[in-house]
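Coordinate inspection notes
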Amino acid sequence: MPQLSLKAMKTFIKVTEIWVPDKERTQLEFGSGLYGGLIDFKAASEQQLFAYNEGLPGKAWAAGHPIVLTKFEHSYFKRTAAAKKAGLTCGIAIPVFSGDFLMAVVVFLCGDDEDHAGAIEVWRNNPLSENSLNVMDGYYGTLQHFEAISRQISMPKGQGLAGLAWETGLPVLVNDISKADTFIRASDAQQAGISMGIGIPVSDNPGHSYVMTFLSAKATPLAKRIQIWIPDQHGKQLICQQGYSKNSNDLAEIFETITVNKGVGALGRVWLTGMPVITGNHEPDYNPELDNLSSMLAIPVIKNGRLKAIVSFLF
Amino acid sequence: MNMLNVLLIENDLDNTLLENSLKDYGFRYLKSKYSPAFLALTKEITPDIIIFNLDTPSKKLLTDLQTLNQQSPIPVIMFAGDSNIDTINQAIKAEVSAFIVDSVEHNRINSIINVAIARFKHQQSLNNALEEARAKLEDRKQIDRAKAILIKTQNFTEDDAYHTLRKLAMDRNITLGEMAKNVIAMSELFK
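Please read these numbers as outputs of a predicted model, since none were measured by experiment. (Residues numbered from 1 in each chain as written. Chains lettered and ligands numbered in written order. Predicted model: local features only at pLDDT ≥ 70, side-chain atom pairs only at ≥ 80, totals over all residues. Heavy atoms only, no water.)

1. Regarding the overall build of chain B
Using the following cut-off: Put simply, DSSP marks the helices as runs of H or I at least four residues long and the strands as runs of E at least two long, and each gets a number from the N terminus on. Atoms counted for the radius of gyration: C-alpha only. Globule rule: 2.2 Å times the number of residues to the power 0.38. A simple rule labels every residue: compare its accessible area, found with a 1.4 Å probe on the protein chains alone, to the largest value its type can have, and call it buried under 20%, exposed over 50%, or partly exposed in between. Note on definitions: a residue-residue contact is assigned when non-hydrogen atoms from the two residues lie within 4.5 Å. Surface accessibility follows the Shrake-Rupley procedure with a 1.4 Å probe radius. Residue values consider only the protein chains on display as shielding. Under the convention used here, Asp and Glu are negative, Lys and Arg are positive, and both His and the chain ends fall outside the count. A charge is said to be at NZ when it belongs to Lys, at CZ for Arg, at CG for Asp and at CD for Glu.
Within chain B one finds seven helices and five strands. In chain B, the succession of α and β elements from N to C terminus is β-α-β-α-β-α-β-α-β-α-α-α. Computed over the C-alpha atoms, the radius of gyration of chain B is 25 Å, more than 25% above the 16 Å expected from 2.2 N^0.38 for a compact globule of 191 residues. Once the C-alpha set of chain B is aligned to its principal axes, its extents read approximately 75 × 35 × 25 Å. Here chain B holds 191 residues, and the buried ones make up 38% of them. In chain B, once contacts between residues fewer than 6 apart in sequence are set aside, the share between residues at least 24 apart is 59%. Accessible surface for chain B amounts to roughly 10,900 Å². Of this, 51% is attributable to carbon and sulfur atoms. Taking the average location of the 23 positive side-chain charges in chain B and that of its 25 negative ones, the two points are 7 Å from each other.

As structure tokens, then:
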């Protein structure tokens, strides 16, 4: 097996956090997080609290949909100084709702890496047209042309990554976007070096549909591996519908043949509670270049109060 | 000229008996008193052997010797006036290669040094063998654990589990022990 280059396995998500309602459920407190080697930023975060509509997680809670914040300076972001020191420049907050009630907010923080080619988008259904989505906001790094194209497109239901996720209500992963017939921006993606995309429906209140898309290049993958787990046809167990990583991973594939019972293990807990979870850790001796998978974020996709799928990001 | 470098630590810097013996046998040496800077001094001059000539080794000195033994072990000879059993035990615990009470027979210093070095080398090889055995045992435990995980999650037989583990390790060009750790780590993610 060829040695992986040092650059190849850097993921462009640098920090992942879960913020959860406190005991009174009136503010958000730190649930768990993955910080890699960013120990100072972790220390600055663990004691934070966010009221409704305060800071990035609080704003996402109040808005009821994902928020992308591409500039921390002079914004409502509360940890600007610590983020700057850690080289973090962009944040995405994804609220996980069951109906009107917030389960948790997942926050991703990215750094403006020169080598980073990827995008994180929030698509929203067009109020003027029932059957199409438009980019509400996004983080595109250095991909200005791709951003310009993306902001002009209307994505019909059932087409493109976001459109398919919207139609099915399920996460959709395409591992070679530039060749996918269903991906409307295939040629633009190819030009931008984008290879993989995942669309995740994140909110489905009547009249308001939101889909997150994560697009990444081979050199800076979103995560080391992404999996989609869905209930089996009887709804009794979860099975892995799809697993993707830049390089094949037979160890991960072995674990993707397991079935998950409700309440058992990390994924079973997500199913039981509707809450995202983080497992594993990679603290002081964290090495992002290592091939092994040492931590996982699992996010539920909930519709009408029921679990439709779980998307797991392995780092 | 003896090529060994000796760090000589003496309470009484005016006492030159041991120093003269070392000179006679052609050792190169640096003489000093024990101080809080002992470890830094040792790190800087990297002697081949350290000789202490003291009344009683202090607790701090013995602690320093333990630290030295963990970081960069070298042979240590201790001439002491203290025959207290606790002192002797602590010196042995600090892996002093030779502990000589109430005597500085300078005409024997060359032999004492040679024996101390030989004893030190023997101790080091025992320590290395022990460490290797510990690592192998730990690897064995990890491999057994990884096999158990594969048997439970994949319904493998023990043979299948072992062969799968072996193939995964070979594909990655890593040891079976390292692959076992990866399997365990992966399984922990789903717990």
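From this point, the discussion proceeds with the structure in view.
2. Focus: unusual backbone geometry
One non-glycine residue, R25(A), lies in positive phi territory at about 65 degrees. Tracing the sequence through the fold places R25(A) in the loop between strand 1 (13-21) and strand 2 (27-34).

3. Here's the deal with the interface of chain A and chain B
The following threshold applies: The quantity reported as buried area is the accessible area (1.4 Å probe) lost by two parts once they are put together, taken as the sum for both. Salt bridge criterion: a side-chain nitrogen from Lys or Arg within 4 Å of a carboxyl oxygen from Asp or Glu. Any pair of N or O atoms that falls within 3.5 Å is considered a polar contact. Within protein, one atom must be able to donate a hydrogen and the other to accept it, and sequence-neighbouring residues count only if both atoms are side-chain atoms. Think of it as three bins: nonpolar holds Ala, Val, Leu, Ile, Met, Phe, Trp, Tyr, Cys and Pro, charged holds Asp, Glu, Lys and Arg, and polar takes everything else, Gly as well.
In this assembly, 24 residues from chain A lie in contact with 17 residues from chain B. The contact between chain A and chain B buries some 1,700 Å² in all, and 69% of this surface belongs to carbon and sulfur atoms. Considering only the surface of chain A that becomes buried against chain B, L251(A), I254(A) and F255(A) emerge as the three largest contributors, covering 37% of it. In this assembly, chain A and chain B are joined by one salt bridge. In this structure, the connection of chain A to chain B is made through eight residue pairs in polar contact (both at pLDDT 80 or more). Of all the secondary structure elements, the ones that give two or more residues to the side of chain A that touches chain B are strand 13 (225-231), helix 7 (250-255), helix 8 (265-273), strand 16 (277-280) and strand 17 (295-303) of chain A. Per element, the largest residue contribution to the side of chain A that touches chain B is five residues, and it comes from helix 7 of chain A. For the side of chain A that touches chain B, the residue count by class is twelve nonpolar, nine polar and three charged.

4. A closer look at the sheet that holds strand 13 of chain A
Residue and element names in this part refer to chain A. What counts is decided by this rule: The rule for pairing is simple: two strands pair if DSSP sees at least two bridges between them.
Strand order in the open sheet formed by six strands is 15-14-13-18-17-16, and the pairing between neighbours is antiparallel. The strands lining the two open edges of the sheet, one partner per strand, are strand 15 (260-261) and strand 16. Where strand 13 and strand 14 (residues 237-244) come together, six bridges link them in antiparallel fashion. From the neighbouring strand, Q227 faces strand 14, where its bridge partner is G243.

5. Examining the sheet that holds strand 6 (residues 101-110) of chain A
Residues and elements named next belong to chain A. For clarity, the threshold we go by: Axis lines are fitted through C-alpha atoms, for helices just across the contact stretch, and the angle between N-to-C directions can take any value from 0 to 180 degrees.
Here six strands make up an open sheet; going across it, the order is 3-2-1-6-5-4 and the pairing antiparallel. A strand with exactly one partner marks an edge of an open sheet, and here the two such strands are strand 3 (49-51) and strand 4 (67-69). Averaged over all pairs of adjacent strands, the angle between their axes in this sheet comes to 25 degrees, without regard to strand direction. Sheet topology places strand 5 (residues 90-98) next to strand 6; nine bridges connect them, and they run antiparallel. Of the residues in strand 6, the one forming a bridge with I92 is F108. Along the sheet, helix 2 (residues 55-63) contacts strand 1, strand 2, strand 3, strand 4, strand 5 and strand 6; its crossing angle with strand 5, the most-contacted strand, is approximately 40 degrees.

6. A word on the pattern of salt bridges
Where charged atoms of side chains with opposite charge meet at close range, the side chains can pair. Going through the model one piece at a time under the given rule, you end up with 21 salt bridges over all chains. For E54(A), the salt bridge is made with K78(A), and the minimal N-O distance between the two is 3.2 Å. Residue E54(A) is found in the loop between strand 3 and helix 2, and its partner K78(A) is found in the loop between strand 4 and helix 3 (80-86); the two are separated by 24 residues along the sequence. Overall, the relative accessible area of 29% leaves E54(A) in the partly exposed class. Exposure remark for K78(A): the relative accessible area of 37% places this residue in the partly exposed category. When the shortest N-O distance is used, the salt bridge between E147(A) and R151(A) registers 3.0 Å. With E147(A) and R151(A) both in helix 4 (residues 144-152) and four residues apart, the pair spans about one turn of that helix. By relative accessible area, E147(A) is classed as partly exposed at 23%. Through salt bridges with shared partners, a single network forms among R140(B), D144(B), K147(B) and E158(B).

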